[in-house]
Amino acid sequence: QVQMVESGGGLVQPGGSLRLSCTASGSIFSINSMGWYRLPHGKQREMVATITSGGRTIYADSLKGRFTISRDNGKNTVYLEMNNLEPEDTAVYSCNAWGTVIGDNGKQKFREVWGQGTLVTVSS
């Protein structure tokens, strides 16, 4: 089985910072890209940032440089550093990964895996 687990969410004051982590584990052959998405209450899910195994990154234009994504390939872990947080950043943040996994039959399959999400609340 393959799973991804997020951690680091919580309550923070406006202007504060949080660092989220997400680790993939299980029968993984390789991971090509990892990313962070968020789901604000009553709104659609949106992409926050993605990063390839080679370090190429893509950010949502609305973040204006406040967020930074990074990864540790050896640990199959992706991080999201969030600075100068605003109430509008309140959402459930989920990580995902695209990679090759090993099935029960021993065959490799390229697929997407999602974590359960961690809640980030920015409020005074």
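About the criteria used
- Residues numbered from 1 in each chain as written.
- Predicted model: local features only at pLDDT ≥ 70, side-chain atom pairs only at ≥ 80, totals over all residues.
- Heavy atoms only, no water.
- Pairing = 2+ DSSP bridges.
- Helix = DSSP H or I, 4+ residues; strand = E, 2+ residues; numbered from the N terminus.
- Axes fitted to C-alpha atoms, helices over the stretch in contact; angles between N-to-C directions.
- Salt bridge = Lys/Arg side-chain N within 4 Å of Asp/Glu carboxyl O.
- Buried < 20%, exposed > 50% of the residue type's maximum accessible area, 1.4 Å probe, protein only.
- Phe/Tyr/Trp six-rings, centres within 6.5 Å; stacked < 30°, edge-to-face > 60°.
- Lys NZ or Arg CZ within 6 Å of the ring centre and 35° of its normal.
- Polar contact = N/O pair within 3.5 Å; in protein donor to acceptor, adjacent residues only side chain to side chain.
- Contact = heavy atoms within 4.5 Å.

Visitor: So what's going on with the sheet that holds strand β3 (residues 18-26)? Residues and values would help.
Guide: In spatial order, the strands read β1-β3-β8-β7; together these four strands make up an open sheet with antiparallel pairing. This sheet does not close on itself; its edge strands, each paired only once, are β1 (2-7) and β7 (67-72). Neighbour-to-neighbour, the strand axes of the sheet open up by a mean angle of 15 degrees, direction not taken into account. Note: β3 against strand β8 (residues 77-82), six bridges, orientation antiparallel. Residue pairing across strands places T23 opposite T77, the latter belonging to β8.

Visitor: Could you give me a rundown of the pattern of salt bridges, with the residues and numbers involved?
Guide: Summed over all chains, the structure comprises three salt bridges. Residue R38 is joined to E46 by a salt bridge in which the shortest nitrogen-to-oxygen separation is 2.6 Å. Residue classification places R38 among the buried residues on the basis of a relative accessible area of 7%. Residue D89 is joined to R38 by a salt bridge in which the shortest nitrogen-to-oxygen separation is 3.0 Å. Taken together, the residues D89 in the loop between β8 and β9 (91-102) and R38 in strand β4 (residues 28-39) connect sequence positions 51 residues apart.

Visitor: Before we move on, can you summarise the packing of aromatic side chains with the specific residues and values?
Guide: Counted under the stated rule, the structure contains two aromatic pairs. With a centroid separation of 5.6 Å and 25 degrees between ring planes, the pair formed by W98 and F110 is classed as stacked. A residue pair is termed long-range when its members are at least 10 positions apart, and W98 in strand β9 and F110 in strand β10 (residues 108-114) qualify at 12 residues. Directly above the ring of W114 sits R45, whose terminal nitrogen or CZ lies 4.1 Å from the centroid.

Visitor: So, the side chain of D89: which residues are in play, and what are the values?
Guide: The class of D89 is buried, set by a relative accessible area of 1%. Polar side-chain contacts of D89 include one of 2.8 Å to the side chain of R66. At 2.8 Å, the side chain of D89 and the backbone nitrogen of E86 are in polar contact. Beyond its immediate chain neighbours, meaning those up to four positions away, D89 contacts R38, R66, F67, V120 and V122.

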